[in-house]
Amino acid sequence: MASTPDIARLYDEHAPAVFAFLENLLRNEADTRDVMQELFIKVARRPAMLKDLRDERGFLLRLAHNLAIDLFRRRGARERQAAQLALEPKPLFAASADADEQVFRDKLAEALGELPADQRAVVHLKLWERLTFEAIAEILEIPPNTAGSRYRYGLDKLRERLRPIYDEIQ
Amino acid sequence: MKTEFEKQLEGQPLRELPREWRSKILAAASGAPRSMPAEWLSSWLWPHPRAWTGLAAAWIVIFLLHLTAPDEAGAARNSSPMRFESFAKMREQTVLMAQLLGSLDDGDPPAAATTAPPKPRSEGPRRQLIG
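Conventions used here
- Residues numbered from 1 in each chain as written.
- Chains lettered and ligands numbered in written order.
- Predicted model: local features only at pLDDT ≥ 70, side-chain atom pairs only at ≥ 80, totals over all residues.
- Heavy atoms only, no water.
- Helix = DSSP H or I, 4+ residues; strand = E, 2+ residues; numbered from the N terminus.
- Buried < 20%, exposed > 50% of the residue type's maximum accessible area, 1.4 Å probe, protein only.
- Contact = heavy atoms within 4.5 Å.
- Axes fitted to C-alpha atoms, helices over the stretch in contact; angles between N-to-C directions.
- Parallel < 35°, antiparallel > 145°, perpendicular 65-115°, else oblique.
- Left-handed = near helix turned anticlockwise from the far one by under 90°.
- Nonpolar A, V, L, I, M, F, W, Y, C, P; charged D, E, K, R; others polar.
- Salt bridge = Lys/Arg side-chain N within 4 Å of Asp/Glu carboxyl O.
- Phe/Tyr/Trp six-rings, centres within 6.5 Å; stacked < 30°, edge-to-face > 60°.
- Lys NZ or Arg CZ within 6 Å of the ring centre and 35° of its normal.

Asker: Hey, could you run me through the overall build of chain A in this one?
Answerer: Looking only at helices and strands, chain A has eight helices and zero strands in total. Counting helices and strands in the order they occur from the N terminus, chain A gives α-α-α-α-α-α-α-α. Across the 170 residues in chain A, those meeting the buried criterion constitute 45%. Across chain A, contacts joining residues at least 24 apart in sequence account for 65% of those joining residues at least 6 apart.

So this is what it looks like as structure tokens:
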């Protein structure tokens, strides 16, 4: 059975990755916090879920993804859009002292926001979690080939969208 | 093999998790009541919870369909004219039996009892044939 220190350890080891993934997926800090809280409450309530786990982070990311999908379903698309417009979006990336770099990060965050959520999830897990397509497929419960094609489509769109700035930085 | 563009993207550092969330989330998680009675069930079902839920739902649907489907055998039994006929025949037999029993109790031998026992077979003609 997972005790409170186990939950604290899980949080310390994996919460930053779960936070970044959820924030990229949900694009709303309040929703990210709610889903993270729901996730850790769920794990604390059912410590049996943690038994014999090979990959704690993969498990937590999968749970986070499922909870985010549940949230998407609970809310209508219109309500979600209105909520996003009403809130000042928090930056997805850390602030940079370099102005060009900051512009690139802002544009990248925007471009990621324009991707469909399923492509965004794969791109995030591939680029910022550095997972293989097999691992991504397990987390998102999709075939590895689908993960690969979603990544390529997403990356192509990002490249197209960021080409002017990227060339400038290069 | 990663392209320069992919390397450029993955080099962008993501925003840090707000520190103040830790205490709130952990407090909420530690205050959450554990579902002890259902724990064995969840641990048993956990590997494929959706599959188990689907199976259970399928059984419930089958059970409901079975309940709501018309009972064809029962309906046939109820609507069959044979039921009335067999009931009438049984009633006749009961009345006949009652009459027979009643006539025995009164001391009157039944019609079958009044008939004479069969006479021994006459052997005359056979003897004549042999002789």
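Asker: Just checking my understanding: could you explain the packing of helix α6 (residues 117-127) of chain A against helix α7 (residues 133-140) of chain A for this structure?
Answerer: When two helices pack together, their arrangement is given by the angle between the helix axes and the distance between those axes. Residues and elements named next belong to chain A. Interhelical geometry of α6 versus α7 gives an angle of 135° and a closest axis separation of 10 Å. In terms of their interaxial angle, α6 and α7 are classed as oblique. Here α6 and α7 pass one another in a crossing that is right-handed. The segment α6 lies against α7, with Ala121, Val122, Leu125 and Lys126 engaging Phe133, Ile136, Ile139 and Leu140. Taken together, the residues of the contact of α6 with α7 break down into seven nonpolar, no polar and one charged.

Asker: I tried to follow the pattern of salt bridges on my own but got confused; where do I start?
Answerer: Any two side chains of opposite charge can pair, so long as their charged atoms come close to each other. Residue and element names in this part refer to chain A. Using the criterion set out here, one finds 14 salt bridges over all chains in the structure. Note that Glu56 and Arg9 form a salt bridge whose closest N and O atoms lie 2.9 Å from each other. Within this pair, whereas Glu56 is found in helix α3 (residues 56-74), its partner Arg9 is found in helix α1 (residues 4-26), the two being separated by 47 residues in sequence. A salt bridge links Arg57 to Glu129; the shortest N-O distance between them is 3.3 Å. A residue pair is termed long-range when its members are at least 10 positions apart, and Arg57 in helix α3 and Glu129 in the loop between α6 and α7 qualify at 72 residues. Because the salt bridges share partners, they merge into one network encompassing Arg9, Glu13 and Glu56.

Asker: Teacher, can you tell me more about the packing of aromatic side chains here?
Answerer: Residue and element names in this part refer to chain A. Evaluated as defined, the whole model comprises four aromatic pairs over all chains. Seen from their ring centres, Phe93 and Trp128 are 5.5 Å apart, and the 50° between their planes marks the pair as tilted. You can see Phe93 sitting in the loop between α4 (77-86) and α5 (99-114) and its partner Trp128 sitting in the loop between α6 and α7, a full 35 residues away along the chain. Using a relative accessible area of 4% as the deciding quantity, one classes Phe93 as buried. Above the plane of the ring of Phe133 lies Lys126, whose end atom (NZ or CZ) is 4.4 Å from the centre.

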